[in-house]
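Each chain is listed here by its residues.
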Amino acid sequence: MAELTIDELRTFLKSAMGEDETIDLSGDILDTRLTDLGFDSLAVIATTSSLEQHFGLKLPEDGISEIETPRDFLDVFNQQLSQAA
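Residues numbered from 1 in each chain as written. Predicted model: local features only at pLDDT ≥ 70, side-chain atom pairs only at ≥ 80, totals over all residues. Heavy atoms only, no water.

## Considerations on the overall build of the chain
This is how it is decided: Under the scheme used here, helices are H or I runs from DSSP no shorter than 4 residues and strands are E runs no shorter than 2 residues, and both carry numbers assigned from the N terminus. Throughout, radius of gyration means the C-alpha value; the globule benchmark is 2.2 Å times the number of residues raised to the power 0.38. Using a 1.4 Å probe on the protein chains alone, a residue whose accessible area is under 20% of its type maximum counts as buried, one over 50% counts as exposed, and one in between counts as partly exposed. Using a 1.4 Å probe, the Shrake-Rupley method yields the accessible areas, and only the shown protein chains count as cover for residues. A positive count includes Lys and Arg, and a negative count includes Asp and Glu. His and the chain ends are not counted in either. Just so you know, the charge point we use is NZ for Lys, CZ for Arg, CG for Asp and CD for Glu.
Helix and strand content of the chain: four helices and zero strands. Going residue by residue from the N terminus, the α and β elements of the chain occur as α-α-α-α. Compactness check: the chain gives a C-alpha radius of gyration of 12 Å against a globular reference of 12 Å for 85 residues, within 12% of the reference. Taken over the C-alpha atoms alone, the chain extends approximately 35 × 25 × 20 Å along its principal axes. Looking at the chain as a whole, 39% of its 85 residues qualify as buried. Of the roughly 5200 Å² that the chain leaves accessible, carbon and sulfur atoms contribute 47%. Placing the 5 positive and 18 negative side-chain charges of the chain at their respective mean positions leaves the two points 2 Å apart.

Structure below.
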């Protein structure tokens, strides 16, 4: 079964932010609000879209609105991945 890890998520988050060198995703970021990490709603949507394409799934709209931290990304995506298995 596929599973999204924090290291994979960091890669997708960095990709969504492009060349912004001020974003620091090292350390324990699991429960840090995405806005505190420098992410706006467009970056969250871009990350979500990339993850959906990568894993071949589509999140329900209410699942996306619940994402406020990296842990939320992991929980929402891993729940969808386990349901798809």
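## Notes on the environment of Gly 18
Tracing the chain through its elements places Gly 18 in the loop between helix H1 (6-17) and helix H2 (41-55). Classification of Gly 18 by relative accessible area gives partly exposed; the value is 45%. In this structure, the C-alpha to C-alpha distance between Gly 18 and Ala 43, residues 25 residues apart in sequence, is 9.5 Å.

## Remarks on the pattern of salt bridges
Our working definition: Whenever Lys or Arg places a side-chain nitrogen within 4 Å of a carboxyl oxygen from Asp or Glu, that contact is recorded as a salt bridge.
Scanning the entire structure with this criterion turns up four salt bridges. Its salt-bridge partner being Asp 7, residue Arg 10 comes within 3.3 Å of it at the nearest N-O pair. Remark: Asp 7 and Arg 10 occur in helix H1; sequence separation between them is three residues, near one turn of the helix.

## Notes on helix H4 (residues 70-84)
One turn of the α-helix equals 3.6 residues, which is why residues spaced by three or four share an orientation. Using the following cut-off: The span one expects for a helix is its residue count, reduced by one, times 1.5 Å.
Between the first and last C-alpha of H4 there are 21 Å, a value that for 15 residues agrees with the 21 Å anticipated at 1.5 Å per step. For H4, the full list of buried residues reads Pro 70, Phe 73, Leu 74, Val 76, Phe 77, Asn 78, Gln 80 and Leu 81.

## Describing the side chain of Thr 47
What counts, and what does not: Polar contacts, as counted here, are pairs of nitrogen or oxygen atoms within 3.5 Å of one another; within protein the pair requires one atom able to donate a hydrogen and one able to accept it, and residues that are adjacent in sequence qualify only if both atoms are side-chain atoms. Every residue pair with non-hydrogen atoms within 4.5 Å of one another is taken to be in contact.
Relative to the elements of secondary structure, Thr 47 occurs in helix H2. We classify Thr 47 as buried; its relative accessible area is 0%. Polar contacts involving the side chain of Thr 47 include one to the main-chain carbonyl oxygen of Ala 43, which spans 2.8 Å. Setting aside chain neighbours within four positions, we find Thr 47 in contact with Leu 9, Phe 12, Leu 13, Ala 16 and Phe 73.

Honestly, it's all geometry; don't read function into it.
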